[in-house]
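Breakdown of the fold
Spelled out, the chains give:
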Amino acid sequence: MPEPSRLWGENLTLAYDQSVISRDLGISIPDNSFTVIVGPNACGKSTLLRALSRMLKPQSGAVHLDGRLISSYPSKEVARRLGLLPQSSVAPDGITVADLVARGRYPHQKLLRQWSRSDESVITESMEATGVAELADRMVDELSGGQRQRVWLAMVLAQQTPLLLLDEPTTYLDIAHQMDVLDLCADLHHEREYTLVAVLHDLNQACRYATHLIVMKEGAVVAEGEPSDIVTADLVEKVFGLPVRVVPDPETGTPMIVAVDRRGTIGRRARGGAETDGAQEAVADAADVSQEGDADQDGELLEKRSA
Amino acid sequence: MTATTPRTASPADAPATARGTVRPGRPVRLGRVSFLLRPRTAVVFGVLVAAIAAVFAALLMLGEYEIPLPRVVAALAGTGERLDLFFVRDVRLPRAWAAVLVGASLGVAGAVFQSLSRNPLGSPDIIGFTGGAATGAVLTILVLGGSMLQVSLGAVVGGVATAGLVYLLAMRNGVQGYRLILVGIGISAMLTSVRDYLITRADLTEAKAAQVWMIGSLNARGWSEVIAVAVCMALLLPPLLALGPRLRLMEMGDQSAQALGVPVQRTQAVALLAASALTGAAIAVAGPISFIALAAPQLARRLLRSNGTTLFGAALMGALLLTAADLVAQHAVGDARLPVGAVTAVIGGSYLVWLLYREWRTGRA
């Protein structure tokens, strides 16, 4: 039974139509933590995030936000307490950075009060926090992927929610921009004491940045806790099916996962444990076949040309 | 009320604030009401209203019996010659109002449909609504003989039934833009062949009546029709305008909109219902006038350089397009009074093509 925090769920059964992703899942996001959810593809990380942000209605069970059922709040009220950066958002054609960030103020606006003084200062602040202030007048569709991601983050920040859920915020970014985004998240966590929940793919980044790590497999939580307490070679092998070594990160001392060198062993596995020689032969055979294939194609081409 | 005290500007954010980069427009505050007014929006709205007024005046003045402007004004005020009073107040005024209201209805409805389907092709013309209404009306004309009221009802029933069918077939976890359009095109094609079949079976007079109705016309529209559309607009326009901000957020994707606190499914349902009713009212009065619903929202959006649907702009643009088209239909081609629908396609279509061409050339689209 998870202990109550600002955001927690109990007995969650999560499903799309008939295909059940998670069954009887209990989850609690520790207050003021930087929680990172990791797990193999299709293990239900994003689904869980969607359930926690009331995008997906659980088939059974319930999500609680600030002591009440999340489904009992009006939509705008949830959006004032909890922000979500979805995996994919479409920037409208011809929108400027400032306009897009301004849309994050929607939950604070009313039909008749569409622009308050605080809107303006919050938008400026959010753009500065994410380093996009100097792009304010640029069109969003002219920006690079990294800049665009920071603009979307600025929009979510403009919502001013102390709880932030980020679904793979680093996808499609190069390593430098990935680190930029994660550093920004860490700053939000430290300086503003935001509670962050992020789905990440990179285990090393997850271990470095998370104060609380949730490891999922096949819709269930396999382990959770501080990364240095829970991340072991056994756990990673069990969850991802990949033999690894865990060493301390030379920079931070957090667990760092290094894949075991398997070169030369994959062919052997595929052949059900045949000897190394056999594997090498197989590789040689494959090379022959491809050469023959090339020769055939060339022959055909020649024939076509002469015809 | 969230009374956030404005933070004292740190040196870092001073330049951004000083350049005013965060403001997409000029904040307007009237008591508790506050909104952002973009200068361009104000200018474009002003120009559109002025243009509508000019065309409206021309509609009242021109005709076989021409009436100069001062006498039109006098007639509107209730003084003047009997003939002036008759032509201005009983003949031309209701027709002009019908053009304004039907045009505005179609513009708004088109904007809503396009926004919900996230596709400029998602207008009622394309997704089967107009075709359904036309089929309903043709059936009424050919089978029941059809008074004006019967034909209108037939159109509304046909339109709503078709829209319902299209939504049912296109619905899966909410409305998906492409599916809506593809299903709509399919249903429209089938309805066209049904209409063609009905018309080939009809006798000549009825077939012609049906054909004229299908092009869309404002000929001989009187006060009762004007009042009918006006009531529909008064009921449906305010809620739709209030949904405007939500629609703009939903254009960023359902998830993003939901994350910002938009109840997506409910908004979709309400907007679809209201926009369908508005289209139905417009078609019932004027027939399936083509192209206004398709072109007006796009034209308004481009003129405003807006980054989302502008329902009010679409309403003004629709009204302008239809009044202008009616002016041309009545007076441009000698004695032959064209049905207005024949003109809307030409005006709206060529303007849209010209705009798109210009944007492609300048590389903006």
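In this report, the structure presented in the accompanying data block is examined. (Residues numbered from 1 in each chain as written. Chains lettered and ligands numbered in written order. Predicted model: local features only at pLDDT ≥ 70, side-chain atom pairs only at ≥ 80, totals over all residues. Heavy atoms only, no water.)

**A closer look at the sheet that holds strand 1 (residues 7–16) of chain A**
All names here are of chain A. Spatially, four strands are ordered 2-1-4-5 in an open sheet, and the strand pairing comes out antiparallel. Edge positions in the open sheet fall to strand 2 (19–29) and strand 5 (68–69), since each of these has one partner strand only. Looking at chain direction, strand 1 and strand 4 (residues 60–65) are connected through five bridges and run antiparallel. Each bridged residue has a counterpart across the sheet, and for Glu10 the counterpart in strand 4 is Ala62. Contacting strand 1, strand 2 and strand 4, helix 1 (residues 45–52) runs over the sheet at an angle of about 120° to strand 1. (Pairing = 2+ DSSP bridges. Helix = DSSP H or I, 4+ residues; strand = E, 2+ residues; numbered from the N terminus. Contact = heavy atoms within 4.5 Å. Axes fitted to C-alpha atoms, helices over the stretch in contact; angles between N-to-C directions.)

**Regarding the pairing of strand 10 (residues 220–225) of chain A**
Residues and elements named next belong to chain A. Bridge count between strand 9 (residues 212–217) and strand 10: five bridges; the pairing is antiparallel. Bridge pairing links Met216 to Val221 in strand 10. Here strand 9 folds back onto strand 10, and the loop between the two strands holds two residues, one of which, Glu218, carries a positive phi near 45°.

**Description of the interface of chain B and chain A**
Tallying the contact residues gives 39 residues for chain B and 44 residues for chain A. Carbon and sulfur atoms make up 52% of the surface buried where chain B meets chain A, a total of about 3700 Å² over both sides. Where chain B packs against chain A, one counts zero salt bridges. Remark: the boundary between chain B and chain A carries seven residue pairs in polar contact (both at pLDDT 80 or more). Secondary-structure elements contributing two or more residues to the side of chain B that touches chain A are helix 1 (14–19), strand 1 (26–30), strand 2 (33–37), helix 9 (223–250) and helix 10 (254–259) of chain B. Among the elements that make up the side of chain B that touches chain A, the one with the highest residue count is helix 9 of chain B (five residues). Looking at side-chain class alone, the side of chain B that touches chain A contains 17 nonpolar, twelve polar and ten charged residues. (Buried area = accessible area lost by both parts, 1.4 Å probe. Salt bridge = Lys/Arg side-chain N within 4 Å of Asp/Glu carboxyl O. Polar contact = N/O pair within 3.5 Å; in protein donor to acceptor, adjacent residues only side chain to side chain. Nonpolar A, V, L, I, M, F, W, Y, C, P; charged D, E, K, R; others polar.)

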